[in-house]
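As a plain string of letters, each chain reads:
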Amino acid sequence: MKVGDLVDINQKRGTGSYESITPRGLGVVMRFEELEDLHYKSIGTINLGPIVHVLLNTGKTEGFAPQSLEVIDGSD
């Protein structure tokens, strides 16, 4: 996946029996953002992973986990 790719977005939220998947339509990858890990004394380190910022067909730009995106057409 790279900037300019057309992607299909199926946003996953929650986990286990609380998991839901919301179809968000198509969008174009605009940029990638690496997030810093969160550190908590009581539970340790949490890695939030990267965020992929996508221009949606509504005109808004939103960030998604890479697992929520499927490349439909790659840019050359």
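Refer to the structure presented above.
Residues numbered from 1 in each chain as written. Predicted model: local features only at pLDDT ≥ 70, side-chain atom pairs only at ≥ 80, totals over all residues. Heavy atoms only, no water.

## Regarding the pattern of salt bridges
In the structure shown here, the tally under the stated rule is three salt bridges. Note that K2 and D5 form a salt bridge whose closest N and O atoms lie 3.5 Å from each other. For D5, a relative accessible area of 2% gives the class buried. Across the pair E19 and K12 runs a salt bridge whose closest N-O atoms are separated by 3.4 Å. K12 sits in the partly exposed class, given a relative accessible area of 48%. (Salt bridge = Lys/Arg side-chain N within 4 Å of Asp/Glu carboxyl O. Buried < 20%, exposed > 50% of the residue type's maximum accessible area, 1.4 Å probe, protein only.)

## Focus: the nonpolar core
Ranked by size, the top nonpolar core spans eight residues in total: V7, I9, V29, V52, V54, L56, F64 and L69. Residue assignment for this core shows that the elements contributing at least two residues are strand 1 (6-13) and strand 5 (50-56). Of the residues forming this core, the biggest block, three residues, is contributed by strand 5. With near-sequence residues (within four places) excluded, L69 lies in contact with M1, V7, D8, I9, V52, V54 and F64. (Core = buried A, V, L, I, M, F, W, Y, C linked by side-chain atoms within 4.5 Å. Helix = DSSP H or I, 4+ residues; strand = E, 2+ residues; numbered from the N terminus. Contact = heavy atoms within 4.5 Å.)

## Remarks on a nonpolar patch on the surface
Among the surface-exposed residues, L38, Y40, I43, I46 and L48 lie close enough to one another that they form a single nonpolar patch of about 450 Å² accessible area. Take Y40: it is sitting in strand 3 (residues 38-40). (Patch = residues over 30% accessible without salt bridge, like charges linked within 9 Å, V, L, I, M, F, W, Y side chains within 5 Å. Areas by Shrake-Rupley, 256 points an atom, 1.4 Å probe, with all protein chains shown as cover.)

## With respect to the environment of P66
Within the fold, P66 resides in the loop between strand 6 (61-64) and strand 7 (69-73). Judged by its relative accessible area of 27%, P66 is partly exposed. Measuring from C-alpha to C-alpha, the distance between P66 and M30 comes to 13 Å, with 36 residues separating the pair along the chain. Excluding its chain neighbours within four sequence positions, the residues that come into contact with P66 are M1, P50 and V52.

## Side note on the sheet that holds strand 5
Neighbouring strands of a sheet are bound in pairs by backbone hydrogen bonds; such pairs are parallel or else antiparallel. The five strands are arranged 6-5-2-1-7 in an open sheet whose pairing can be described as antiparallel. Where the open sheet ends on each side, the last strands, each with one partner, are strand 6 and strand 7. The sheet shows a mean angle of 45° between the axes of neighbouring strands, taken without regard to direction. Strand direction decides the pairing type here: strand 5 and strand 6, joined by four bridges, are antiparallel. Within strand 6, the residue paired with V54 across the bridge is E62. (Pairing = 2+ DSSP bridges. Axes fitted to C-alpha atoms, helices over the stretch in contact; angles between N-to-C directions.)

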